[in-house]
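Residues per chain are reported as follows:
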Amino acid sequence: MSTHTPERAERSGTDVAAGPEAGAATRPETGLLIIGASQAGVQLAISLRGTGFDEHITLLGEEDHRPYQRPALSKEFLQDKVDKENLIFRSQQYWDEHDIELVKGARIVRIERHAPAEDGRRDGSGVAVAADGTRYPYRRLALAVGARARRLELEGAELDGVVYLRSADDALALKARLGDFRDVVVVGGGFIGLEAACSLHGMGKHVTVLEHGPRLVGRAVGEDTSEYFLRSHRERGIDIRLEARMRRLVPGTGERAGSVAGVELEDGTVVDAQLVLVGIGVVPNTELAEQMGLAVDNGIVVDRHAVASDGTTVAVGDVANMPNPLPGAPEGERIRLESVNNAIEHAKVAAYSLTGRQEEYAGIPWFWSNQADLKLQIAGLTLGYDSTVVRRDDAKGRFSVLYYRGGQVIAADCVNAPLDFMAVRAALGKGQNIPAGAAADPAVPLKTLVVDRTAQEVPA
Amino acid sequence: MPTIHYTDAAGETRDIEANVGDSVMETAVRNGVPGIVAECGGSLSCATCHVFVREDELEQLPGMSEMEDEMLYGTAVDREDCSRLSCQIKVTDGMELHVTTPETQV
């Protein structure tokens, strides 16, 4: 995927003419090789230094940028409220001082694992081979390889002007085009799609969102929240079409041949678009894990310690399929979480694993999405909820939904209601409950309703 | 250059030269100041960049928004009168600010 020239290994010195790519460089062996320099990989390196891990760490990034934060790409960065420098995780001085070697533009295409010992056990060491042939020997390996944007499979999807928004390069390319279009179609009514739609609408663009499903953000929030977002965004002037069926992307004519001009729907109507932004989810990057023979099932399968099926490789963040970390979650329930909070917490657990401390991943997942004037904060996971309570205060523009399973609150979607979000997150963290009955009155602070779970379970 | 003095809960201080326009949170994170997590990267969603501002320096800072005020009720260590979210404090020309980071942010 990478089109730039990878940074060659001039710092490693020796060119070892071994292996299939004669002349390619071999780096000195590193204690821990982290493949992937986004949120989870970066956090793993940082947390390891915090836990006393003193071996050399090499952090490999595929992109030609210093490691940066992604969430702002569809929001503040697109809107020019922050620049690239603001998104950089750490200064170079930090990496140097902590003996963490950062390599940009390194795309690993193959892992060569060292043979098992006589007793059949592997010690976890091997060599990662980059696209340019550079070899990175390691004693332990961490896969923080994330996920990539799911591609649109439709006639015309290769036209110029069809863009994705996953990386800084994507965002820079999109920003460079801002002057060239008036009409944009956003394909996908999930978080990325809606955040980008709001950003572009705020810049005066004419925005149409085409969502294939029956409601917005269907994967992450409940129906009431979907409905709230639908109404709010329509009121601000974004054209949102649910259950939209696309037939093809229509090319322009004359000077605009080869560029997208619109989206044709199955009923024959064409929605004008000089830009089509696709936000239809992600695909976990499991290719390296598969090649290594690790268990893969919608992500790299890991245990509660972030360890993959070989018992030694750790996998963290978006790419990991792990046991549901929510305390009290049904035994055996597995999940793959795409969030900053998960990348951070999961990396911390992996750092403990790598230093021999067996901490299980347990926590209250949380998410946020800022869309124009709507600040959505989600606490917990809605998996398996059986009832909801809606708290709504239109005068103050606040809206929350609490989710319950068997009378116990398990999650909340909170829009412009940080106090609700905080109360639910804290209650979940302490194993407490917020009984459904009184929670519907938005005038009552949720904090005052919290009860211990055990007390609530005693029959009246 | 503006300087931010970060003191951790144990009393150890780090003095960081800051760029005008960056936030007190960004300055901390980029330099690896422990005690500031900033999960949300400054979009006022997580309350993990909580700091205590030295009392006599509080006045010179711009006031806080209602959202910041409410988020402060969710910090890991309870808020005090001098609590702020460091992502909401912009570094200004000549700023000399002393902040203390709480024992934990999560």
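In case you missed it, the structure is sitting above this.
Participant: Even after reading the chapter, I still don't get unusual backbone geometry, so can you show me in this structure?
Facilitator: Across residues other than glycine, the phi torsion is negative in most instances, and most of the peptide bonds are trans. Its identity as a non-glycine residue notwithstanding, Asp80(A) has a phi of 65°, on the positive side. Along the chain, the position of Asp80(A) falls in the loop between β2 (57-60) and α2 (84-87). Unusually for a residue other than glycine, Ala47(B) sits at a positive phi of about 60°. Its location among the elements puts Ala47(B) in the loop between α1 (24-30) and β3 (50-53).

Participant: Where do I start with the interface of chain A and chain B in this structure?
Facilitator: It is common to report an interface's size as the accessible area lost on association of the parts. On the side of chain B, 21 residues touch chain A, which itself brings 27 residues to the contact. For the pair chain A and chain B, the two sides together bury roughly 2,000 Å², of which 50% comes from carbon and sulfur. Among the residues of chain A in contact with chain B, Asn86(A), Lys375(A) and Met422(A) are the three that bury the most area, contributing 22% of the side total. Here chain A and chain B share two salt bridges between them. The residue Arg398(A) makes a salt bridge to Glu70(B) at a minimum N-O spacing of 2.9 Å. Applying the counting criterion to the chain A and chain B interface returns 11 residue pairs in polar contact (both at pLDDT 80 or more).

Participant: How should the sheet that holds strand β14 (residues 270-272) of chain A be read in this particular structure?
Facilitator: Through backbone hydrogen bonds, the strands of a sheet pair up, either in parallel or in antiparallel fashion. Residue and element names in this part refer to chain A. Strand order in the open sheet formed by three strands is β12-β13-β14, and the pairing between neighbours is antiparallel. At either margin of the open sheet sits one strand with a lone partner, and together these are β12 (246-251) and β14. Averaged over all neighbouring strand pairs, the angle between strand axes comes to 25°, with direction disregarded. The pairing of β12 with strand β13 (residues 260-265) spans five bridges and is antiparallel.

Cut-offs applied
- Going along each chain's sequence as written, the residues are numbered from 1 onward.
- Here every chain gets a letter starting at A, and every ligand a number starting at 1, in the order they are written.
- Local features in this predicted model are restricted to residues whose pLDDT is 70 or higher, and side-chain atom pairs enter the listing and the counts only when it is 80 or higher, whereas totals over whole chains, interfaces and linings include all residues.
- To obtain the side-chain values, all non-hydrogen atoms of the structure were included, while hydrogens and water were left out.
- The secondary structure listing takes helices from DSSP runs of H or I that are at least 4 residues long and strands from runs of E that are at least 2 residues long, numbered from the N terminus.
- What makes two residues a contact is simply this: any of their non-hydrogen atoms within 4.5 Å.
- Summed over both partners, the accessible surface that disappears when two parts come together, traced with a 1.4 Å probe, is what is meant by buried area.
- For this document, the term salt bridge refers to a Lys or Arg side-chain nitrogen within 4 Å of an Asp or Glu carboxyl oxygen.
- Any N or O atom pair separated by 3.5 Å or less is treated as a polar contact, with the protein-specific requirement of one donor-capable and one acceptor-capable atom, and with residues adjacent in sequence counted only for side-chain atom pairs.
- When DSSP finds at least two bridges between two strands, those strands are taken to pair.
- An axis is simply a line fitted to the C-alpha atoms; with a helix, the fit covers only the stretch in contact. Between two such axes, the angle follows the N-to-C directions and lies from 0 to 180 degrees.

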